Amino acid sequence: MKWHMTQLGSRENYLYPRIIKKSNMLGSFSTDIWLPFAQKIKLRGSLYRMKSRFNYSFQNTPVNARNFYSIYRMIHNYKGNRFDQWCSQGREYGDWFVKNIQAANPEIGDKVFGYTCATNEIAKYAKKNNMKVVMGQFDPGLYWYKTRYEEAQNWKGAENNIIMPSEEYMERLTQEWDLSDYIIVNSMHSQKAVSSYGIDSNKIKIIPLCVNIDQKLDIEYRKISNKLKFRILFVGNGTLAKGLQYFGEASKMMSDNFEFVVIGQNNLNIDFMQKQKWKINFLGKLNKEELKLEYMKSDLLVFPSLSDGFGQVQLEAMSYGLPVISTRNCGEVVIQGENGFLIEERSSNSIIMAINEIFSNYVLYEKMSFNALETSKLYNFNYVEKKFWEFFDKI
């Protein structure tokens, strides 16, 4: 029994294809861009991301890719809305994925795997040929868009051009859910969100994500007993769905002993933010090395997401010894009172109360910092691999 893996992009550093490759069950692997040579040349700016379009786990393993065409599509902006773009791209690559699976001579009982909006074609092919379909749902699905739209109504002028999914996109996604024998999500929040659209929760499997810890860094748990000023991070795209507005509101009500820092692309309107008078230092998008330095300079991560598939930044921050304040609408990483605090969503007061409790008790902070490091070590590739086979070993 073989797996035929497909995906667009390098999502999760090719996590599931790597798991299958390691088990010697890989029948075929197809992706849009695959660039082994990119590791040996200097790339700068936006081109640097091309280095992520390869993984050494697949050395000497045939990988189907459409490099030149895919890069051309990447640099030429699509003129329509993104939902039409995703559907068009999903159909086009889906048909190509099917040809690659056919060329691999699949057998009855083999499995096909694809991600959101790029699974429909391979799922239909698999059903006709008595193969199983496993779909990776990388976010809470349609629930996420609904949440973002509703929040935009509460914060007028914060975000422009809030576009809800088109009927074509919704139909394509729900059809993929129906055709799939199993759907992989990364959190209980995503499981509940998908099942709320009538999908059988029994076929939705929760498999967490992992974090790659830099083994060269010898990080110890943090101590703050001699600090007078505390640095609090928000990492991720600055959107209403990520809860940036509640992070900003909290910053206004805290003393100057706390510095609020946002890392990531800010998608909120500048005019709107100026009216709010948030006390935030926006650093914009950073590369991996720059982000490491910011984690090491900081004391705490706040992740006030309203809806998130997992939120790997929680684990990233913990790998540097940072306790995390998070909502429950993401991956189950934060353990209440052990490595951080769980807070209500849409509540600046909850953020403030958690911050004050953590920094008013140095012993508690050090315990949380130590436990954060231990948590990040748990969520490694082997842990996720074990969780994966707990579901799929006998299927």
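All of the points below concern the structure found in this document. Note that the structure is a prediction, hence the values are computed from the model and not measured. (Residues numbered from 1 in each chain as written. Predicted model: local features only at pLDDT ≥ 70, side-chain atom pairs only at ≥ 80, totals over all residues. Heavy atoms only, no water.)

Per the secondary structure count, the chain includes 14 helices and 12 strands. Relative to the compact-globule value of 21 Å for 395 residues, the chain shows a C-alpha radius of gyration of 22 Å, a close match. Projected onto the principal axes, the alpha-carbon positions of the chain cover approximately 65 × 45 × 45 Å. When the accessible surface of the chain is summed, it comes to about 19000 Å², and 48% of that surface belongs to carbon and sulfur atoms. Each charge class in the chain was averaged separately, 51 positive and 42 negative side chains, and the resulting centres sit 4 Å apart. (Helix = DSSP H or I, 4+ residues; strand = E, 2+ residues; numbered from the N terminus. Rg over C-alpha atoms; globule rule 2.2 N^0.38 Å. Areas by Shrake-Rupley, 256 points an atom, 1.4 Å probe, with all protein chains shown as cover. Lys, Arg positive; Asp, Glu negative; His and termini not counted. Charge placed at Lys NZ, Arg CZ, Asp CG, Glu CD.)

Remark: helix α12 (residues 348-359) packs on helix α13 (residues 362-378), axes separated minimally by 6 Å, with the N-to-C direction vectors making an angle of 100°. By the angle between their directions, the pair α12 and α13 is classed as roughly perpendicular. Taken together, the residues of α13 that come into contact with α12 (itself represented by Glu-357, Ile-358 and Phe-359) are Tyr-362, Leu-364, Tyr-365 and Met-368. Classifying every residue of the contact of α12 with α13 gives 6 nonpolar, no polar and 1 charged. (Axes fitted to C-alpha atoms, helices over the stretch in contact; angles between N-to-C directions. Parallel < 35°, antiparallel > 145°, perpendicular 65-115°, else oblique. Contact = heavy atoms within 4.5 Å. Nonpolar A, V, L, I, M, F, W, Y, C, P; charged D, E, K, R; others polar.)

For the rest of this paragraph, the subject is the nonpolar core. In this structure, Trp-3, Tyr-16, Tyr-295, Phe-388 and Phe-392 are the most contacted members of the largest nonpolar core, which totals 49 residues. Tallying contributions element by element places helix α14 (residues 381-392) first for this core, with 5 residues. Leaving out residues up to four positions away in the same chain, Phe-388 has contacts with Trp-3, Tyr-16, Ile-19, Ile-20, Ile-184 and Ile-207. Ile-224, Ala-250, Phe-258 and Phe-272 belong to the second-largest nonpolar core, a separate cluster that totals 37 residues. (Core = buried A, V, L, I, M, F, W, Y, C linked by side-chain atoms within 4.5 Å. Buried < 20%, exposed > 50% of the residue type's maximum accessible area, 1.4 Å probe, protein only.)

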